[in-house]
Amino acid sequence: MIRVETQDFDIGAEVKALTAGRTDIGAVVTFSGLVRDMNDGAVASMELEHYPGMTEKELARIEAEAHRRWPLQASLIVHRVGKLLPGDNIVLVIAASAHREAAFEAASFLMDYLKTRAPFWKKEDRNGAAQWVDARESDGKAMKKWE
Amino acid sequence: MIRVETQDFDIGAEVKALTAGRTDIGAVVTFSGLVRDMNDGAVASMELEHYPGMTEKELARIEAEAHRRWPLQASLIVHRVGKLLPGDNIVLVIAASAHREAAFEAASFLMDYLKTRAPFWKKEDRNGAAQWVDARESDGKAMKKWE
Amino acid sequence: MRLLYFAWVKQKAGIAEEDVALPATIRDVAGVIDWLKSRGENYALAFADLAVIRCAVDQEHGDLATPVAGASEIAFFPPVTGG
Amino acid sequence: MRLLYFAWVKQKAGIAEEDVALPATIRDVAGVIDWLKSRGENYALAFADLAVIRCAVDQEHGDLATPVAGASEIAFFPPVTGG
């Protein structure tokens, strides 16, 4: 399942919804990404822009690819858009499987692919100036390890 | 932080407690393990036995080792003991860091070490007969990759 | 054909989306960019460094060589930074 | 010295814990196990296959060669299966 929305998510509630009534899931891995402000107040807020239509298609492709590679019982990708503050949740990925190796690898894969392929762009309000966040080279490298 | 307890945990509440008021955490990975019953009703319940005193020490050692190896902002290990039913939570591990690679690796490491070193033993009530669960060889192999 | 621009590409081009009639001679994404650059300084600015331009044709990732014949939507944007 | 048994080791030995006075000649965990096996059939049963016996000396993982001099607590158990 995938969702793109402005509102916050509750990790516990999302995991419960994915696992409720099932006894074939042995391992659930969640990843949540948060707005950081490492420099004590430099980042006042962040704006998440995206490409409506393609975003949903790309997230669905990424999720389908994870299910093709690992035996997953359930999965979820939630990405927020709009204005966010330091400490706010940005993204949630959940992978549920019978065994922990598959759950860990699939969650990590989902994030690496999302980081390099899902059409979102971050703009920080940093010391009063709007500034588009640069892509990290390490994200490209992280994705290459799955090829 | 480590806890050994009979009651259930709420993943969302635990993550919120670890990250509340902080803006230096960019990535949170959680692992939760659940009681599985793959064979439609064969496992009626499970009993988790442990070694009080050593359990807490060993979990604290495992957590300290993770902090030595990765730049973690926060972490948590919660392990339940007593009687559990299929679908119930058994264990929760959380690793929070500035970057996702450290959070993923530390959470995976914590689980691999916990699985092979923390003194817990599972006894399943399987088709009416109590049966101690055998250790999985793959768990030993999973730990060796961190050496 | 609809053209979409996102993030700083949109900001530099000064436009979010537009409907255009591409010359029939244009075969690929590189051709679309060349044509746009000839249309105005704003496009020349937005597409000054092609190493940091990404594109999607009909909402699938493409590159400079991706054909555009029959496409109904082309989007231009910087490397993505979500997650 | 306190001896503790867990999981099926406890079940086979028929005892959870006991205080014992070890003979002064016993130097390591292997010596403790040999001595226990000489004390009764239940211990012989519990310790029949040393490949699947794990131990902790004063709540730290040890092995058959771990010295026991000065230790106050030794625990015997199968490979752990938590998590």
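These figures come from a predicted structure and were not determined experimentally.

Chemist: I'd like a description of the side chain of D:Gln59, backed by residues and values.
Modeler: With respect to the secondary-structure elements, D:Gln59 resides in the loop between β3 (54-57) and β4 (60-62). At a separation of 2.7 Å, a polar atom in the side chain of D:Gln59 contacts the side chain of B:Lys57. Setting aside residues up to four positions removed in sequence, D:Gln59 forms contacts with B:Tyr51, B:Pro52, B:Gly53, B:Met54, B:Lys57, B:Arg61 and D:Glu73.

Chemist: Before we move on, could you go through the confidence of the model for chain C and cite the residues and values that matter?
Modeler: Where the model shows low pLDDT, its predicted coordinates should not be examined in detail. Across chain C, the average pLDDT comes to 97, with 100% of residues at or above 70. Across the whole predicted complex the pTM is 0.96, and at the interface the ipTM reaches 0.95.

Chemist: Can you tell me about the interface of chain D and chain B, naming the residues and giving the values?
Modeler: Contacts between the two partners involve 19 residues from chain D, matched on the other side by 26 residues from chain B. Its largest share of buried area at the contact with chain B, chain D owes to D:Gln59, D:Thr81 and D:Gly83, together 37% of the area lost on that side. Remark: the boundary between chain D and chain B carries two salt bridges. Note that B:Glu49 is salt-bridged to D:Lys10, the shortest N-O span being 3.1 Å.

Chemist: Tell me what's going on with empty space enclosed by the protein, and back it up with residues and numbers.
Modeler: If you walk through the whole model with that rule in mind, you get one cavity of 30 Å³ or more. Of the pockets and cavities examined, the largest cavity occupies roughly 30 Å³. The set of elements that each furnish at least two residues to the lining of the largest cavity consists of β7 (120-126) of chain B together with α1 (7-13) of chain D. Taken together, the residues of the lining of the largest cavity sort by class into seven nonpolar, one polar and one charged.

Chemist: Any details on the pattern of salt bridges? Residues and values, ideally.
Modeler: Considering all chains together, one arrives at 42 salt bridges over all chains under this definition. A:Glu65 is paired through a salt bridge with A:Arg68; the nearest N and O atoms lie 2.8 Å apart. Of this pair, A:Glu65 and A:Arg68 are both found in helix α2 (residues 54-69), three residues apart, which corresponds to roughly one turn of the helix. Overall, the relative accessible area of 63% leaves A:Arg68 in the exposed class. Through salt bridges with shared partners, one network takes in A:Arg100, A:Glu101, B:Asp112, B:Arg136, B:Asp139 and B:Lys145.

Chemist: Could you give an account of the environment of A:Tyr51, naming the residues involved and the relevant values?
Modeler: By secondary structure assignment, the location of A:Tyr51 is in the loop between β3 (43-50) and α2. For A:Tyr51, a relative accessible area of 1% corresponds to the buried category. When the C-alpha positions of A:Tyr51 and A:Glu105 are compared, they lie 27 Å apart, and in sequence the two are 54 residues distant. At 2.5 Å, the side chain of A:Tyr51 and the side chain of C:Glu73 are in polar contact.

Chemist: Which residues make up the arrangement of the chains, and what values go with them?
Modeler: Among the three pairs of chains in contact, the pair with the most contacts is chains A and B. Separated without contact, chain A and chain D have their nearest C-alpha atoms at a distance of 10 Å. A gap remains between chain C and chain D, with no contact made and the closest C-alpha atoms lying 29 Å from each other.

Chemist: An account of helix α2 (residues 29-39) of chain D is requested, with residue identities and associated values reported.
Modeler: Among the residues making up α2(D), those that are buried are D:Val29, D:Gly31, D:Val32, D:Ile33, D:Trp35 and D:Leu36. In this structure, the buried side of α2(D) is in contact with β1 (2-5), β2 (17-19), α3 (41-46), β3 and β5 (73-77) of chain D.

Chemist: Mind laying out the nonpolar core, listing which residues take part and the relevant values?
Modeler: By size, the foremost hydrophobic cluster in this structure holds 64 residues, and its most contacted members are A:Val29, A:Phe31, A:Trp70, A:Val93, B:Val29, B:Phe31 and B:Val93. Excluding residues that lie within four positions of it along the chain, A:Val29 makes contacts with A:Val93, A:Ile94, A:Ala95, A:Ala103, A:Phe104, A:Ala107, B:Val29, B:Thr30, B:Phe31 and B:Phe104.

Chemist: An account of the pairing of β3(A) is requested, with residue identities and associated values reported.
Modeler: Residue and element names in this part refer to chain A. Of all the eight residues making up β3, six are buried; the element is thus mostly covered by neighbouring parts of the structure. Summarising the sheet, β3 and strand β5 (residues 82-84) pair through three bridges and their orientation is antiparallel. In the sheet register, Leu48 faces β5, and the bridge partner there is Gly82.

Chemist: An account of the relation of the copies chain B and chain A is requested, with residue identities and associated values reported.
Modeler: After a rotation of 180° and a shift along the axis of 0.0 Å, chain B superposes on chain A with an RMSD of 0.0 Å. When the rotation and shift are considered jointly, the pair of chain copies conforms to a two-fold rotation axis. Closest to the rotation axis within chain B is the C-alpha of B:Gly12, separated from it by 2.0 Å. Here 100% of the interface residues in chain B have copies in chain A that are interface residues too; the copies meet face to matching face.

About the cut-offs
- Residues numbered from 1 in each chain as written.
- Chains lettered and ligands numbered in written order.
- Predicted model: local features only at pLDDT ≥ 70, side-chain atom pairs only at ≥ 80, totals over all residues.
- Heavy atoms only, no water.
- Helix = DSSP H or I, 4+ residues; strand = E, 2+ residues; numbered from the N terminus.
- Polar contact = N/O pair within 3.5 Å; in protein donor to acceptor, adjacent residues only side chain to side chain.
- Contact = heavy atoms within 4.5 Å.
- pLDDT = per-residue confidence, 0-100.
- Buried area = accessible area lost by both parts, 1.4 Å probe.
- Salt bridge = Lys/Arg side-chain N within 4 Å of Asp/Glu carboxyl O.
- 1 Å grid on protein atoms, 1.4 Å probe; cavity = no way out; pocket = protein on both sides within 12 Å on 5 of 7 lines; lining within 4 Å.
- Points joined across faces, edges and corners; volume = space filled by probe spheres on them.
- Nonpolar A, V, L, I, M, F, W, Y, C, P; charged D, E, K, R; others polar.
- Buried < 20%, exposed > 50% of the residue type's maximum accessible area, 1.4 Å probe, protein only.
- Core = buried A, V, L, I, M, F, W, Y, C linked by side-chain atoms within 4.5 Å.
- Pairing = 2+ DSSP bridges.
- Least-squares fit on C-alpha atoms with pLDDT ≥ 70 in both.

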